[in-house]
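# An overview of the molecular structure
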Amino acid sequence: MKQINDRYGHLAGNRALCRLADIFRFSCRSIDTAARYGGDEFAIVLPETGAKEAGQVGRGVCERLSNDHESRCCR
């Protein structure tokens, strides 16, 4: 996030956070909790989820991030 803010400004950083929130919302169930706990650090708490299923959620988030056209505006 710092790199985006430094290079493109805080408005672009806010937009990136909003896009990431959308991806988390799309990837998670209603009982899951996604949170930012550091500048560039995020966590998703997945109750009642095994390691295999958690890995699938993580891969899904990564895939959506890599395919997100908005993110290319900030690179």
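For the structure given in this document, a descriptive report is provided here. Everything numeric in this text was worked out from a predicted model, so none of it was measured. (Residues numbered from 1 in each chain as written. Predicted model: local features only at pLDDT ≥ 70, side-chain atom pairs only at ≥ 80, totals over all residues. Heavy atoms only, no water.)

### Some remarks on the pairing of strand β2 (residues 42-45)
Put simply, the test is: Each pair of strands is called paired provided DSSP finds at least two bridges between the two strands. The way it works is that DSSP assigns letters per residue, a run of H or I at least four long becomes a helix, a run of E at least two long becomes a strand, and they are numbered from the N terminus.
Both strand β1 (residues 33-36) and β2 contribute to a ladder of four bridges, which runs antiparallel. Paired with Arg36 across the bridge in β2 is Phe42. A loop of five residues connects β1 with β2, the two strands running antiparallel in sequence.

### As for helix α3 (residues 51-67)
As a reminder, the rule being used: Expected span of a helix: the number of residues minus one, times 1.5 Å. Summary of the burial criterion: residues with accessible area below 20% of their type's maximum are buried, those above 50% are exposed, and those between are partly exposed, where the area comes from a 1.4 Å probe applied to protein chains only. To obtain the arc, one takes the directions from the helix axis to the C-beta atoms.
With 17 residues, α3 extends 24 Å between its outermost C-alpha atoms, agreeing within 8% with the 24 Å of an ideal straight helix rising 1.5 Å per residue. For α3, every residue scored as buried is listed here: Val57, Gly60 and Val61. Projected onto a plane normal to the axis of α3, the buried residues spread over an arc of 95 degrees and lie on a single side. Exposed positions of α3 whose direction lies more than 90 degrees from the buried face are Ala51, Lys52, Arg59, Cys62 and Glu63.

### Examining the side chain of Asp32
Filter applied, for reference: Contacts described as polar in this section are N or O atom pairs within 3.5 Å, which, within protein, must combine one atom able to donate a hydrogen with one able to accept it, while residues neighboring in sequence count only if both atoms come from side chains. Whether two residues are in contact is decided by their heavy atoms, any of which lying within 4.5 Å being enough.
On the secondary structure map, Asp32 appears in the loop between α2 (10-27) and β1. Judged by relative accessible area, Asp32 falls into the buried class, the value being 12%. One polar contact links Asp32 to Arg29, side chain to side chain, over a distance of 2.7 Å. Setting aside chain neighbours within four positions, we find Asp32 in contact with Val45, Leu46 and Pro47.

### Side note on unusual backbone geometry
Positive phi values are uncommon outside glycine, yet Glu48 reaches one of about 55 degrees. Within the element layout of this structure, Glu48 appears in the loop between β2 and α3. What makes Glu48 exposed here is its relative accessible area of 78%.

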